[in-house]
Amino acid sequence: MPVATAKPPSATAIRPFKFEASNEELEALRARIEAARWPEKEPVADESQGVQLATIQKLARYWATEYDWRKVESKLNSYPHFITEIDGLDIHFIHVRSKHENALPLIVTHGWPGSIIEQLKIIDPLTDPTAHGGSASDAFHVVIPSMAGYGFSGKPTTTGWDTTRMARAWTVLMKRLGYTRYVAQGGDWGAFITEQMGVLAPPELLGIHINLASAVPAEIFKALQSGSPAPGLSADEKSAFEGLAFLFAHGLPIFSMMANHPQALYAIADSPVGLAAWFLEHDLRSYQLIARAFDGQREGLSRDDVLDNLTLTWLTNTAISSSRLYRENKLPFFAPMGVTIPVAVSAFPDEVYQVPRSWAERAYPKLIHYNKVEKGGHFAAWEQPQLFSEEVRAGFRSLR
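The structure displayed is predicted, hence computed values, not measured ones.

Thresholds, definitions, all that
- Residue numbers restart at each chain and count upward from 1, following the sequence in its written direction.
- Totals for whole chains, interfaces and linings use every residue, but because this is a predicted model, local features are given only for residues with pLDDT of at least 70 and side-chain atom pairs only at 80 or more, for both listing and counting.
- Side-chain measures were taken over the full set of non-hydrogen atoms in the model, leaving aside hydrogen atoms and water.
- Remark: exposure states derive from per-residue accessible area (1.4 Å probe, protein chains only) relative to the maximum for the residue type, with buried under 20%, exposed over 50%, and partly exposed in between.
- A run of H or I in DSSP counts as a helix once it spans at least four residues, and a run of E counts as a strand once it spans at least two, with each numbered from the N terminus.
- One bridge is not enough; two strands pair if DSSP finds at least two bridges between them.
- With strands facing away from the observer, any crossover in which the path from the first strand over the helix to the second runs clockwise is taken as right-handed.
- Using a grid of 1 Å spacing that covers the protein atoms alone, one calls a set of points a cavity when a 1.4 Å probe fits there but cannot get out, and a pocket when the set is open and has protein on both sides within 12 Å along at least five of seven lines; lining residues are those with an atom within 4 Å of a point.
- Grid points are joined across faces, edges and corners, and a volume is the space filled by probe spheres set on the points.
- Each axis is a line fitted through C-alpha atoms, taken for helices only over the stretch in contact, and angles between the N-to-C directions span 0 to 180 degrees.
- Relative orientations are named as follows: roughly parallel for angles under 35 degrees, roughly antiparallel for angles over 145 degrees, roughly perpendicular for angles from 65 to 115 degrees, and oblique for any other angle.
- Here, residues are in contact when the closest pair of their heavy atoms is within 4.5 Å.
- Residues are grouped as follows: nonpolar covers Ala, Val, Leu, Ile, Met, Phe, Trp, Tyr, Cys and Pro; charged covers Asp, Glu, Lys and Arg; every other residue, Gly included, is treated as polar.
- Expected span, for any helix, means 1.5 Å times one less than how many residues it has.
- Here, the term nonpolar core denotes a set of buried Ala, Val, Leu, Ile, Met, Phe, Trp, Tyr and Cys residues that are joined through side-chain atoms within 4.5 Å.

## As for the pairing of strand β9 (residues 343-347)
Summarising burial for β9: 5 of the 5 residues are buried, a large majority. Both faces of β9 are covered, namely the face carrying Val343, Val345 and Ala347 and the face carrying Ala344 and Ser346. Examined bridge by bridge, strand β8 (residues 205-210) and β9 share 3 bridges and lie parallel to one another. For Ile210, the partnering residue across the bridge sits in β9 and is Val345. Judged from the 5 bridges that link them, β9 and strand β10 (residues 367-372) form a sheet pairing that is parallel. Across the sheet, residue Ser346 finds its bridge partner in β10, namely Asn371. Since β9 and β10 lie parallel, the crossover through helix α15 (residues 357-363) that links them has a hand, and here it is right-handed.

See the structure below:
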């Protein structure tokens, strides 16, 4: 159960926050997992029909019998958490100040089906770089909010909480924390919010870093609709086109459901196994990277990483409230948003598409950093925290 100080007379006050799940909640979760009713095995030998029965049963078995939520709960509570009301909604955030003088304030935003757990591994490298292969001049004060309807933040009771509204809320949050200059970072929906902060361009925002770029040119969208690659593409551009073509053809079925009827998804609020399958279905490459964790591979995400995020969503009952962002969104996926402030881009190879430098240069007139990272995917901070932290440091170095 959440533990927070009583709401003060001023709604804009910042209140300390802590979360402790009850033993009864955790036992009830295990009982629901163990009571899962399984369908028959898929009649194909690959992932073409969705999350495979063997994978989800391995996940469920570990979740019910070996997984320990208290480990990540202790890690979460080792950092300072707060809640403040912005635009009528309680917004939760982690706020860790660096010990290093002249640290640069940074707000980092997660995505779906994620949470602040995605960023736990990067807090220490960014706030204390000297202990993680960096220099004191690369230090950040780190703010990590939970998006509206996600994790420990409030659940909107009215429509309108889209990425632009959250971008405005994050601007208010950084002002409320007293920061007169700062930078922002995001991936997945966090990239949308971060780019919208760049569009709003508050004077305090020096620049942004993203690892899922909205940079696909108009002629590429036209070619995707026709099913034929645009002529004259470079090798990187052709590879990006092929990744987008596959995603648009095969990778968006659950997104369509959330964008149209999120309230109909009662099953993922009622069944932890159903929730797990829904989250694993994000996109094929992410599914493959997650599934291998339950086959004993240690690279990238672990079994506990995956279940930490799932368990947080279950305990906060945010499966449906987080899905509504797809309904709220009115922006086209991957299309340039018109960001004119400085932008840094890290292109990870297992992202849903690896943006070429040429597209990034067209989309962001003030591109200050671009790098094709050697490994990592859609959940880069979570999968490859060291590489990700190095990219954030490099991306913002010129703005200090």
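Now, onward.
## Topic: the layout of surface pockets
The calculated volume of the largest pocket comes to roughly 340 Å³. Contributions of two or more residues to the lining of the largest pocket are made by α2 (53-65) and α11 (272-280). Per-element tally for the lining of the largest pocket: the top contributor is α11, with 3 residues.

## Examining the packing of helix α9 (residues 253-260) against helix α14 (residues 319-328)
Where α9 meets α14, the closest approach of the two axes is 6 Å, and the angle between their N-to-C directions is 85°. Relative to α14, α9 is oriented roughly perpendicular. In this structure, α9 uses Phe255, Met258, Ala259 and Asn260 to contact α14, whose residues at the interface are Ser323, Tyr326 and Arg327. Considering only residue class, the contact of α9 with α14 consists of 4 nonpolar, 2 polar and 1 charged.

## Topic: helix α17 (residues 385-396)
Taking 1.5 Å per residue, 12 residues should reach 16 Å; α17 reaches 17 Å between its end C-alpha atoms and fits that length. Burial analysis of α17 places 9 of its 12 residues in the buried class, the great majority of the element. Where α17 is concerned, the buried positions are Pro385, Leu387, Phe388, Ser389, Glu391, Val392, Arg393, Gly395 and Phe396.

## Side note on the nonpolar core
The biggest cluster of nonpolar side chains holds 132 residues, and the ones touching the most others in it are Leu59, Trp69, Trp112, Tyr353 and Tyr364. The element contributing the most residues to this core is α2, with 7 residues. The residues touching Tyr353, leaving out its near neighbours within four places in the chain, are Leu212, Ala213, Ser214, Ala215, Val216, Ala240, Leu244, Phe334 and Trp359.

## Topic: the environment of Ser286
Within the secondary structure, Ser286 is located in helix α12 (residues 284-291). Under the relative-accessibility criterion, Ser286 is labelled buried at 3%. In the structure, Ser286 is positioned 154 residues away from His132 in sequence and 27 Å away in space, judged by C-alpha atoms. Those residues in contact with Ser286 that sit more than four places away from it in its chain are His378 and Phe379.

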